[in-house]
Amino acid sequence: MINSSFIRKENMGFDGENGIENEKAPNWATSIPVDNVQEMVRRNSYAVPEKYIRNLEDRHGNTCLFSASTNNIPVIDLSLLTDNCKEELKKLDLACAEWGFFQVINHGIAQETLLGMKDAAVSFFELPLEEKEKYSMPPNDIQGYGHAYVASTEQKLDWSDALIMVVYPTHYRKYKYWPATPPGLKDAIEAYSFEVNKVAKKLLSFLSLIVGMDKEGLLGMHKEIMQALRLNYYPPCSKPDQVIGLSPHSDTSTISILMQDEDVTGLQIRHHGEWVSVKPIPNSLVVNIGDVIEIWSNGKYKSIEHRAVINDQKARISYASFICPNDDVEIEPLKQTVGSQEPKKLYKKIRYGDFLRQSMKRKMEGKAHTDVAKIERNIEKDL
Ligand SMILES: O=C(O)CCC(=O)C(=O)O
Ligand SMILES: [Fe+2]
């Protein structure tokens, strides 16, 4: 059943394509404004203020992970899945269950579109700070240029800046955060996100099969896909092993689709307790299972903690697209994934919009935010 607030949002009458700002598009969270890291490095490439220096436990393994294990992340060929290859579907199931992360090849996005996004983003981040600050995040939202997930003035800060925007549904767009310079950036975002959306829908259809639904199952459960794009800019750091580019976290999405630079490694995922680097495969996309699939699959497919580390010489940019359900969707384990053994359901029902906002108003801290959806042991027997 579609509830009333869903209908209200559907009928907002937004004319985004004509550039009229949609004042009713939702806000997501507040984040305390902090210094621009790229500018700090430009002014003094040796300065690493205390608020970025992590304690030893947080830094664990920062330096020793560019190892042989980097090639172990599963690789999924989307064209084989589209050709109904059973073996590839099994590989997908294994990748989701064992790793929560995989790289996708033959995804069908033209190289030109990928490069168009990359070139435009590089040009944006090269602009003077005053120009980029025309798109600064406001205090009450995390769209725009700035830093998300800063919940306290005491917390350690990430060595990165970001440009974040909601791309779909189009009536959620806030064009004031879509940079007009460089001139091609808006079109590049539009073209890239449109293609990512197609890949996401294909992946959702195969994920539907492996959770025991028909192909349209998971897409239908979103009511309307919400897709956000986050361009992460990680400047180099003279003390790379003392800082973290992006704190360990799992994504609040259904799935996330990440394009990374090909020449600078930075993404690390937690696998069997170790941090493992994801070595970029040219033209591939990294996909990870988000918290929503973890809940829908009753924990069979986990949203794995990941983080970004920093290079001492080179800046790195990553392009993360988050595929999420509509705010009003109530997420809980699917009947197809709940076994007959106790405890049956490991997660309780939660409205997605509430889950998302609760997660966003705190600092990124591993998987701490998914605990709000977990069923506590002492009430398991009542379900
Ligand atoms: O930069 C990366 O590789 C990771 C980005 C990421 O995890 C995110 O934006 O959620
Ligand atoms: Fe992430």
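What comes next is a walk through the structure. (Residues numbered from 1 in each chain as written. Chains lettered and ligands numbered in written order. Predicted model: local features only at pLDDT ≥ 70, side-chain atom pairs only at ≥ 80, totals over all residues. Heavy atoms only, no water.)

Among the six residues in strand E7 (residues 255–260), six count as buried, and that is most of the element. By the alternation rule, side chains of E7 split into Ile255, Ile257 and Met259 and Ser256, Leu258 and Gln260, which are all buried. Pairing geometry for E7 and strand E10 (residues 285–289), over four bridges, is antiparallel. Counterpart to isoleucine 257 in the pairing with E10 is valine 287. Of the pairings in the sheet, the one linking E7 to strand E12 (residues 316–324) comprises six bridges and is antiparallel in character. Looking at the pairing, serine 256 lines up with phenylalanine 322 of E12. (Buried < 20%, exposed > 50% of the residue type's maximum accessible area, 1.4 Å probe, protein only. Helix = DSSP H or I, 4+ residues; strand = E, 2+ residues; numbered from the N terminus. Pairing = 2+ DSSP bridges.)

Turning next to the site of ligand 1. Among the 13 residues in the neighbourhood of ligand 1, the closest are listed as Asn232, Tyr234, His306, Arg316 and Ser318. Separating an oxygen atom of ligand 1 from a side-chain N or O atom of asparagine 232 is a distance of 3.0 Å. The separation between an oxygen atom of ligand 1 and a polar side-chain atom of aspartate 251 is 3.4 Å. In isolation ligand 1 has 300 Å² of accessible area, and contact with the protein removes 97% of it. Take the shell around ligand 1: its biggest share by element is four residues, from E12. Here the residues of the shell around ligand 1 are counted per class, giving six nonpolar, four polar and three charged. (Near = heavy atom within 4 Å. Polar contact = N/O pair within 3.5 Å; in protein donor to acceptor, adjacent residues only side chain to side chain. Areas by Shrake-Rupley, 256 points an atom, 1.4 Å probe, with all protein chains shown as cover. Nonpolar A, V, L, I, M, F, W, Y, C, P; charged D, E, K, R; others polar.)

Let us look at the pattern of salt bridges. Counted under the stated rule, the structure contains 20 salt bridges. We note a salt bridge from arginine 270 to glutamate 305, for which the minimum N-O separation is 3.4 Å. With arginine 270 in strand E8 (residues 267–271) and glutamate 305 in the loop between helix H10 (291–296) and strand E11 (306–308), the pair connects residues that are 35 residues apart, well separated along the chain. Using a relative accessible area of 31% as the deciding quantity, one classes arginine 270 as partly exposed. (Salt bridge = Lys/Arg side-chain N within 4 Å of Asp/Glu carboxyl O.)

Read from one edge of the open sheet, eight strands run E1-E2-E10-E7-E12-E5-E4-E3, paired in mixed fashion. If you trace the sheet from one side to the other, it starts and ends with strand E1 (75–77) and strand E3 (144–146), each paired once. The sheet shows a mean angle of 25° between the axes of neighbouring strands, direction not considered. Here E3 runs beside strand E4 (residues 161–168); their pairing, made up of three bridges, is antiparallel. (Axes fitted to C-alpha atoms, helices over the stretch in contact; angles between N-to-C directions.)

All right, on to the sheet that holds E8 then. The strand order across the open sheet built from four strands is E6-E11-E8-E9, with neighbouring strands paired in antiparallel fashion. Looking at which strands have only one partner, the edges of the open sheet turn out to be strand E6 (246–249) and strand E9 (274–277). The mean inter-strand angle of the sheet, taken between neighbouring strand axes irrespective of direction, is 25°. Direction of pairing for E8 relative to E9: antiparallel, over a ladder of four bridges. What sits directly across from histidine 271, in E9, is glutamate 274.

It is worth stressing that arrangement in space is one thing and function is another; only the former is reported here.
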